[in-house]
Amino acid sequence: VETGETKKGIARENDYLLKMAVYTELKEDLDVLPIYMTLATHYSKKRYWVGLSSLYGQRDRMLDQLGALEAAHEDRLLNKQREYVALGQLLFMHQNPHKAAHVMAYGFKNGFIKEEEKTLKALAQYWHAAKELKKAKPAYAKAAKLSKEGELYIFLGQVYFGLDEYAESEKAIRAGIKKGKLKDGANAHMLLGQVLFEYQKWDEAIKSFRKCIDVAEKQWDDKKEAQKKKKKKIQDQARKWITYTEGEEERVLALELKRKSLGLGSS
């Protein structure tokens, strides 16, 4: 606690704390925001920055809320999981997934954040949104194993697909479909079909696109206009993929036959 002389017109730390204590005791309505701002700026401690951030949050001053919590992190004052989770969420909300991922990664590395489904999922999604697909992979993989639903395996499959790792993508998506409880099963089968198409598993790809059509039929209700439109859109896409896949299979087979007839062997 600062007990020395005032500095540059700033009172001693105890004076501010005493003022807040007195007003609380008297049940007076004191605006403590300016006091917290002074304490955080001149007597940098975790409780002041976190308290300031909380006050800003109560007033819907989101950018200021983020700034206060970020200052505490930069001063290495944060040491609880909820603080890092909150900071990561605020950064992500303000279109900075890369920094959000780094904050979470720092929390994991230093033992402040436990490896749980929700924390690993957040880390993975921040890396994913930041287009750091290689860094998103291990976090999604760990979170998917801990989850009771298959959704995170689908996200993992998307990441592998984005990295052109088709075999791993297929494996992850199939694991997600098998685990079940998907929010959008039709889209999972669509993605699987696209992955299979990429490494020329034509028959399996067509089977997945047909499964997509079937699942969409059960997944969305025709009585609700928005759902009816979603169903029609994905079913139309799946049919186009089936036609395209059949055509591509014929084209590739014809090319192979031509190469063989010219004595060039298979590609």
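Everything below is about the structure printed above this text.
Described below are features of the structure shown in this document. (Residues numbered from 1 in each chain as written. Predicted model: local features only at pLDDT ≥ 70, side-chain atom pairs only at ≥ 80, totals over all residues. Heavy atoms only, no water.)

Considering the overall build of the protein chain
Part 1 of the reasoning: Looking only at helices and strands, one finds 13 helices and zero strands in the protein chain.
Part 2 of the reasoning: Shown N-terminal to C-terminal, the secondary structure of the protein chain runs as helices and strands in the order α-α-α-α-α-α-α-α-α-α-α-α-α.
Part 3 of the reasoning: Relative to the compact-globule value of 18 Å for 267 residues, the protein chain shows a C-alpha radius of gyration of 27 Å, a clear excess of over 25%.
Part 4 of the reasoning: In terms of overall dimensions, the protein chain has a C-alpha envelope of 95 × 50 × 30 Å along the principal axes.
Part 5 of the reasoning: Counting all 267 residues of the protein chain, 39% fall into the buried class. (Helix = DSSP H or I, 4+ residues; strand = E, 2+ residues; numbered from the N terminus. Rg over C-alpha atoms; globule rule 2.2 N^0.38 Å. Buried < 20%, exposed > 50% of the residue type's maximum accessible area, 1.4 Å probe, protein only.)

As for the pattern of salt bridges
Part 1 of the reasoning: Applying the stated criterion across every chain yields a total of 17 salt bridges.
Part 2 of the reasoning: Across the pair Arg12 and Asp15 runs a salt bridge whose closest N-O atoms are separated by 3.5 Å.
Part 3 of the reasoning: For Arg12, a relative accessible area of 34% corresponds to the partly exposed category.
Part 4 of the reasoning: Here the salt bridges do not stand alone but share partners, grouping Glu170, Arg174, Lys201 and Glu204 into one network. (Salt bridge = Lys/Arg side-chain N within 4 Å of Asp/Glu carboxyl O.)

So, a nonpolar patch on the surface
Part 1 of the reasoning: On the surface, a cluster of nonpolar side chains totalling about 360 Å² of accessible area is made up of Leu18, Val22, Tyr23 and Leu26.
Part 2 of the reasoning: Examined against the element boundaries, Leu18 turns out to sit in helix H1 (residues 13-25). (Patch = residues over 30% accessible without salt bridge, like charges linked within 9 Å, V, L, I, M, F, W, Y side chains within 5 Å. Areas by Shrake-Rupley, 256 points an atom, 1.4 Å probe, with all protein chains shown as cover.)

Some words on the side chain of Glu170
Part 1 of the reasoning: One can find Glu170 in helix H10 (residues 166-179).
Part 2 of the reasoning: For Glu170, a relative accessible area of 10% corresponds to the buried category.
Part 3 of the reasoning: Not counting the four nearest positions on each side in its chain, Glu170 is found in contact with Leu192, Val195, Leu196, Tyr199, Lys201 and Glu204. (Contact = heavy atoms within 4.5 Å.)

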